Amino acid sequence: GAGVSQSPRYKVAKRGRDVALRCDSISGHVTLYWYRQTLGQGSEVLTYSQSDAQRDKSGRPSGRFSAERPERSVSTLKIQRTEQGDSAVYLCASSSPGADQGDEQFFGPGTRLTVL
Amino acid sequence: ELKVEQNPLFLSMQEGKNYTIYCNYSTTSDRLYWYRQDPGKSLESLFVLLSNGAVKQEGRLMASLDTKARLSTLHITAAVHDLSATYFCAVDFYNAGGTSYGKLTFGQGTILTVHP
């Protein structure tokens, strides 16, 4: 079946603007995650949500990053007032708690965000 | 602090040689994942290690987990060019109450290049 997809794949934004990144997860998966991947700093989780509730806004900087889940298998990561330091690849992942493989997460292809 | 460290960060190998990538982590966990990432692509799951002493093998790659030492290894046997990629380990840490945080903490990644 279809895996995790993300759109757009590439996004260029002017500093100070808001951006929204979309993730379509695997049907039936309960938990959706957003990670930010940068060279040298690896990957860090930004937020994740189980079912309809968003939990945990760990990561940096809190407040400007939020995730919405308009549908069970769709998440939108919103970044407010973008800064140049937000330039990175944003990865979405989903998992199913009943999986045998220890809540293994399946990743999308990522959205490369460049803030000018 | 939840920390995962890989070494080496860069690995240049000759075809046919063997080598090991190490992944150390800071605190309690018995859930560790290895991923492969090709340039411009997403993270592909390689191994899921869910207990102390777990060993899994797929082709020329073998992964193991020692939860007491908080160490996982990814061993490459008789490397071939197709193995060139970035390899990440990721840990699902537990809090003081023994509950998983439910999100992955990634190592920095090891960029592997296999040349003739």
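Quick caveat: nothing in here was measured; it's all calculated off a predicted structure.

A.B. asks: What's the story with the overall build of chain A in this structure? I'm lost.
C.D. replies: Helices and strands together make up the secondary structure of chain A, namely zero helices and eleven strands. Ordered by position in the sequence, the α and β elements of chain A form the string β-β-β-β-β-β-β-β-β-β-β. Counting every position in chain A, which comprises 116 residues, the buried fraction comes to 47%. For chain A, long-range pairs separated by at least 24 residues make up 55% of all intrachain contacts whose partners lie at least 6 apart in sequence. Summing over all exposed atoms, chain A offers an accessible surface of approximately 5700 Å²; the carbon and sulfur share of this is 46%.

A.B. asks: Where do I start with the interface of chain A and chain B in this structure?
C.D. replies: Interface size is often expressed as the accessible area that is lost when the parts come together. The interface of chain A with chain B comprises 20 residues on the first partner and 20 residues on the second. Overall, the association of chain A and chain B removes approximately 1500 Å² of surface from exposure, summing both partners, and the carbon and sulfur fraction of that is 49%. Between the two partners, chain A and chain B, sit seven residue pairs in polar contact (both at pLDDT 80 or more). With four residues, strand β5 (residues 42-50) of chain A is the single largest residue contributor to the side of chain A that touches chain B.

A.B. asks: Looking at this structure, I do not really get the layout of surface pockets. What am I missing?
C.D. replies: Over the atoms a probe the size of a water molecule is rolled, and this reveals where empty space is left. Within this model, the largest pocket holds a volume of roughly 660 Å³. In terms of lining, the largest pocket is formed by 28 residues, of which the most central are Q37 and L39 of chain A together with Q37, T86 and F88 of chain B. Among the elements of the structure, β4 (31-38), β9 (88-95) and β11 (111-115) of chain A together with β9 (85-94) and β11 (110-115) of chain B are those that each provide at least two residues to the lining of the largest pocket. Among the elements that take part in the lining of the largest pocket, β9 of chain B stands out by supplying three residues, more than any other. Partitioning the lining of the largest pocket into residue classes produces eleven nonpolar, 13 polar and four charged.

A.B. asks: Would you mind showing me how to read the packing of aromatic side chains here?
C.D. replies: In this description, a pair of aromatic rings is defined by centroid distance and the angle of the planes. The final tally for this structure, using the stated rule, is nine aromatic pairs over all chains. Centroid distance F107 of chain A to F106 of chain B: 5.9 Å. Interplanar angle 75°. Geometry classified as edge-to-face. Taken together, the residues F107 of chain A in strand β10 (residues 106-107) and F106 of chain B in strand β10 (residues 100-106) connect one chain to another. The class of F107 of chain A is buried, set by a relative accessible area of 9%. The interplanar angle of 65° and the centroid separation of 6.2 Å between the aromatic rings of Y25 of chain B and F93 of chain B together place this pair among those described as edge-to-face. You can see Y25 of chain B sitting in strand β3 (residues 19-25) and its partner F93 of chain B sitting in strand β9, a full 68 residues away along the chain.

A.B. asks: Mind showing me how you'd approach the sheet that holds strand β6 (residues 55-58) of chain B here?
C.D. replies: The strands that make up a sheet pair up through hydrogen bonds in the backbone, lying either parallel or antiparallel. Residue and element names in this part refer to chain B. Reading across the sheet, the five strands line up as β1-β3-β8-β7-β6 and stay open at both edges, with antiparallel pairing between neighbours. Looking at the sheet topology across the chains shown, the edges are occupied by β1 (4-7) and β6. Sheet twist, expressed as the mean angle between neighbouring strand axes with direction ignored, is 15°. Pairing of β6 with strand β7 (residues 61-66) involves four bridges; the strand directions are antiparallel. Bridged to Q57 within β7 is M62.

A.B. asks: What is the right way to look at the pairing of strand β2 (residues 10-14) of chain B in this model?
C.D. replies: Residue and element names in this part refer to chain B. Residue alternation in β2 divides its side chains into a buried set, L11 and M13, and an unburied set, F10, S12 and Q14. In the sheet, β2 pairs with β11 via five bridges, with the strands oriented parallel. Residue pairing across strands places L11 opposite L112, the latter belonging to β11.

A.B. asks: For this particular structure, what's the right way to read the nonpolar core?
C.D. replies: Soluble, globular proteins show a tendency: their nonpolar side chains are buried together. In terms of nonpolar packing, the biggest core is built from 25 residues, with L32, W34, L74, I76, Y87 and L112 of chain B touching the most fellow members. Mapped by element, the contributors of at least two residues to this core are β2, β3, β4 (32-37), β5 (43-49), β7, β8 (71-76), β9 and β11 of chain B.

A.B. asks: Sorry if this is basic, but what is going on with the sheet that holds strand β3 (residues 19-24) of chain A here?
C.D. replies: Residues and elements named next belong to chain A. Here four strands make up an open sheet; going across it, the order is β1-β3-β8-β7 and the pairing antiparallel. Each edge of the sheet is formed by a strand with only one pairing partner; in this case those strands are β1 (5-7) and β7 (65-71). Averaged over all adjacent pairs, the angle separating strand axes in this sheet is 20°, with direction ignored. Where β1 meets β3, three bridges bridge the pair, whose relative direction is antiparallel. Across the sheet, residue S5 finds its bridge partner in β3, namely D24.

Quick notes on the rules
- Residues numbered from 1 in each chain as written.
- Chains lettered and ligands numbered in written order.
- Predicted model: local features only at pLDDT ≥ 70, side-chain atom pairs only at ≥ 80, totals over all residues.
- Heavy atoms only, no water.
- Helix = DSSP H or I, 4+ residues; strand = E, 2+ residues; numbered from the N terminus.
- Buried < 20%, exposed > 50% of the residue type's maximum accessible area, 1.4 Å probe, protein only.
- Contact = heavy atoms within 4.5 Å.
- Areas by Shrake-Rupley, 256 points an atom, 1.4 Å probe, with all protein chains shown as cover.
- Buried area = accessible area lost by both parts, 1.4 Å probe.
- Polar contact = N/O pair within 3.5 Å; in protein donor to acceptor, adjacent residues only side chain to side chain.
- 1 Å grid on protein atoms, 1.4 Å probe; cavity = no way out; pocket = protein on both sides within 12 Å on 5 of 7 lines; lining within 4 Å.
- Points joined across faces, edges and corners; volume = space filled by probe spheres on them.
- Nonpolar A, V, L, I, M, F, W, Y, C, P; charged D, E, K, R; others polar.
- Phe/Tyr/Trp six-rings, centres within 6.5 Å; stacked < 30°, edge-to-face > 60°.
- Pairing = 2+ DSSP bridges.
- Axes fitted to C-alpha atoms, helices over the stretch in contact; angles between N-to-C directions.
- Core = buried A, V, L, I, M, F, W, Y, C linked by side-chain atoms within 4.5 Å.

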